Amino acid sequence: MGDEKLVIFRLGNEWYGVDIAIVEGIEKMLPIVRIPNSVAHIQGVINLRGNIIPVYSLRNRFGLPDAQITEDSKFLITLVGRTQLALLVDGLDGIYDISEEQYHETPIIVKTEETAFIRSIALEGKRLVMALDTNYLLSRQEQDAVNKIIEEQTKK
């Protein structure tokens, strides 16, 4: 796996991280326009400087209850495959250098198709951080549907 920089964020009391290489930006909250009958886990879209970006609810995907949006809430603008997504997070902790020795394999008992997005678990200080592989957040059908939403919203 090697050393890398992780953008570490919070959902409730849990810590997650994504490789900084896929993070295109960190943005304060913007108005979310809801898309009726949308793809699972997509809360709507945001207009970020003229770009229409779907908002992906990690809380929903991970089975966490909805939470109030606060001034700590942020969007992590990321790439999932070739699709740009705004990951809605409760709070951002920072960018950390994580060495290869800090990574641990995901225990085999929790490895399933539904948890494929957990690439590994990092020990950062005294906390456990689930390092995510965003390529497993969306199925192929969901990626196609998200791309269709973007096309339709861009035409308006």
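Here the structure is shown first, and the text comes after it.
S.K.: Would you explain the overall build of the protein in this entry?
M.R.: When you go through the protein residue by residue, the secondary structure sums to 2 helices and 11 strands. Beginning at the N terminus, the succession of helices and strands in the protein can be written as β-β-β-β-β-α-β-β-β-β-β-β-α. The C-alpha atoms of the protein give a radius of gyration of 15 Å, which matches the 15 Å a tight globule of 156 residues would have. A principal-axis box enclosing the C-alpha atoms of the protein has dimensions of 50 × 35 × 30 Å. The buried share of the protein, reckoned over its 156 residues, is 44%.

S.K.: Just to check I follow, could you spell out the side chain of Arg 59 for this structure?
M.R.: Considering the arrangement of structural elements, one finds Arg 59 in helix H1 (residues 58-61). Residue classification places Arg 59 among the buried residues on the basis of a relative accessible area of 12%. Excluding its chain neighbours within four sequence positions, the residues that come into contact with Arg 59 are Leu 11, Gly 12, Leu 64, Pro 65, Asp 66, Ala 67 and Asp 90.

S.K.: Is there a simple way to think about the pairing of strand S10 (residues 118-124) in this case?
M.R.: For a regular strand, side chains alternate in direction, first toward one face of the sheet and then toward the other. Among the 7 residues of S10, 5 are classified as buried, and the element is accordingly described as predominantly covered. Where strand S9 (residues 103-104) and S10 come together, 2 bridges link them in antiparallel fashion. The residue bridging His 104 from the neighbouring strand is Ile 121, located in S10. One ladder, built from 6 bridges, connects S10 with strand S11 (residues 127-132); its direction is antiparallel. Its bridge partner lying in S11, Glu 124 is registered against Arg 127. Where S10 folds back on S11, the antiparallel hairpin that results is connected by 2 residues, among which Gly 125 adopts a positive phi of roughly 65 degrees.

S.K.: How should I be thinking about the pattern of salt bridges in this particular structure?
M.R.: Side chains bearing opposite charge may pair, as long as their charged atoms lie close to each other. Per the counting criterion, the structure on display carries 6 salt bridges. Linking Asp 90 and Arg 59 is a salt bridge whose minimum nitrogen-to-oxygen distance equals 2.7 Å. With Asp 90 in the loop between strand S7 (83-89) and strand S8 (91-98) and Arg 59 in helix H1, this pair connects stretches of sequence that are 31 residues apart.

S.K.: Honestly, the sheet that holds strand S2 (residues 14-19) in this entry has me stumped. Any pointers?
M.R.: Across a sheet, paired strands are connected by hydrogen bonds in the backbone, their directions being either parallel or antiparallel. Spatially, the 6 strands line up as an open sheet ordered S8-S1-S2-S11-S10-S9, and their pairing is mixed. Across the chains shown, the open sheet's two edge strands, defined by having one partner strand only, are S8 and S9.

S.K.: So what exactly am I meant to see when it comes to unusual backbone geometry here?
M.R.: Excluding glycine, most residues fall at negative phi; most peptide bonds, likewise, are trans. One non-glycine residue, Arg 49, adopts positive backbone phi at about 50 degrees. Of the residues examined, Arg 49 reaches a relative accessible area of 65% and is grouped as exposed.

S.K.: Would you explain the nonpolar core in this entry?
M.R.: In globular proteins that are soluble, nonpolar side chains generally tend to be buried together. Phe 9, Tyr 56, Leu 58 and Phe 62 are the most contacted members of the largest nonpolar core, which has 26 residues in total. Every element with two or more residues in this core is listed here: strand S1 (4-11), S2, strand S4 (42-48), strand S6 (74-80), S7 and helix H2 (140-155). In this structure Phe 62 touches Leu 11, Tyr 16, Phe 117, Leu 132 and Leu 137, once residues within four positions along its chain are discounted. Formed by 8 residues, the second largest nonpolar core is a distinct cluster that contains Ile 46, Val 55, Ala 86 and Leu 88.

The rules behind the values
- Residues numbered from 1 in each chain as written.
- Predicted model: local features only at pLDDT ≥ 70, side-chain atom pairs only at ≥ 80, totals over all residues.
- Heavy atoms only, no water.
- Helix = DSSP H or I, 4+ residues; strand = E, 2+ residues; numbered from the N terminus.
- Rg over C-alpha atoms; globule rule 2.2 N^0.38 Å.
- Buried < 20%, exposed > 50% of the residue type's maximum accessible area, 1.4 Å probe, protein only.
- Contact = heavy atoms within 4.5 Å.
- Pairing = 2+ DSSP bridges.
- Salt bridge = Lys/Arg side-chain N within 4 Å of Asp/Glu carboxyl O.
- Core = buried A, V, L, I, M, F, W, Y, C linked by side-chain atoms within 4.5 Å.

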